[in-house]
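These are the residues of each chain, in order.
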Amino acid sequence: MTALFEPVSTAPKGARPVSLAIALRRIFGVLNLVAAAAVVIALSVNISDRVVQGIFDPTHYFQYFTIQTCLINIVVLTMGGLFGLMRDVDARWYTVVRACTVSYAIVVGVVYNLLLAGLSANDGYVASFEFPNLIEHVWVPIFIAIEWLLMPGRSRLRWNVLWIAAIYPLLWVAASLARGLVGDGWFPYFFLNPGEMGVGGVVAYVLAIAAFIIGLCALAVGVERVHSRIFVGVGLDRPRL
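None of the values given here were measured: they were computed from a predicted structure.

1. Comments concerning the state of the cysteines
Right, so step 1: On inspection of all chains with the given rule, the structure shows zero disulfides.
Right, so step 2: No disulfide involves Cys-217; its sulfur sits 5.0 Å from the nearest other cysteine sulfur, which is in Cys-100.
Right, so step 3: Residue class for Cys-217 comes out buried when judged on its relative accessible area of 0%.

2. A closer look at the side chain of Asn-133
Right, so step 1: Among the secondary structure elements, Asn-133 is positioned in helix α5 (residues 131-150).
Right, so step 2: Among the residues examined, Asn-133 registers a relative accessible area of 17% and is labelled buried.
Right, so step 3: Setting aside chain neighbours within four positions, we find Asn-133 in contact with Tyr-112 and Val-138.

3. Details of the pattern of salt bridges
Oppositely charged side chains can pair when the atoms bearing their charge come close.
Right, so step 1: Scanning all chains against the criterion turns up six salt bridges.
Right, so step 2: A salt bridge links Asp-88 to Arg-26; its shortest N-O distance comes to 2.8 Å. One end of the pair, Asp-88, is in the loop between α3 (65-86) and α4 (92-116); the other, Arg-26, is in helix α1 (residues 19-53), and 62 residues separate them in sequence.
Right, so step 3: Using a relative accessible area of 34% as the deciding quantity, one classes Asp-88 as partly exposed.
Right, so step 4: On the basis of relative accessibility, which here comes to 26%, the residue Arg-26 falls in the partly exposed class.
Right, so step 5: Here Asp-90 makes a salt bridge to Arg-154, at a shortest N to O gap of 2.7 Å. With Asp-90 in the loop between α3 and α4 and Arg-154 in the loop between α5 and α6 (162-182), this residue pair connects regions lying 64 residues apart in the sequence.
Right, so step 6: What emerges from the salt-bridge pattern is a single network uniting Arg-25, Asp-90, Arg-98, Glu-147 and Arg-154.

4. Structural notes on α1
Residues spaced three or four apart along an α-helix point in a common direction, a consequence of the helix completing one turn every 3.6 residues.
Right, so step 1: Here α1 spans 51 Å end to end across 35 residues, near enough to the 51 Å set by a 1.5 Å rise per residue.
Right, so step 2: Gly-54 sits one or two residues past α1 and shows a positive phi near 75 degrees.

Rules used throughout
- Residues numbered from 1 in each chain as written.
- Predicted model: local features only at pLDDT ≥ 70, side-chain atom pairs only at ≥ 80, totals over all residues.
- Heavy atoms only, no water.
- Disulfide = S-S within 2.5 Å.
- Buried < 20%, exposed > 50% of the residue type's maximum accessible area, 1.4 Å probe, protein only.
- Helix = DSSP H or I, 4+ residues; strand = E, 2+ residues; numbered from the N terminus.
- Contact = heavy atoms within 4.5 Å.
- Salt bridge = Lys/Arg side-chain N within 4 Å of Asp/Glu carboxyl O.
- Expected span 1.5 Å × (residues − 1).

Structure below.
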């Protein structure tokens, strides 16, 4: 387990950080904090709108995968901002966490825009403002992906990070199904409802989304390993910045 959080150094001896790497970390540090604030604003507006309409149910609202990952993003982006502004290299464990959140953010964006955009909410909610959805499902996922591509000062990852990325989504699916089947009968998304999709349909959707998450995390790790070498080659010494 310890090895999972250890960086795999690819830096040649004597490599030194350059001013561009430090500048990029400071810029992305600020942008991380801005993105975290944007998510807070989006959730606040969304919740307020639901309260005004008289349909805010926190036990339903906070069961949505999008909302839970937004809360995760607030914490992760805030920590990334502080690390970017105050440190020249990220904590080892943070690189692992960030790789997982990259996959979650992209899944939120892709699943929403392919399967859910334009559908009526299953609790009857009609949004009064469009920008919270855009922040949660488009702009923040895009930023998280771009930041992963360009942020210097992170350790090269091992492939055994992939199983960590699967833990939270599997727990969320299990909790959502348990709630719907033995609880109040409510499912956060149509593709988790056996009464609507059939057991086979639910299993197919869950397996497809799980495979998508693992694939995205594998892509994130692969990108990290490739451009880690690139950054070292051009003097942006990621492992030893």
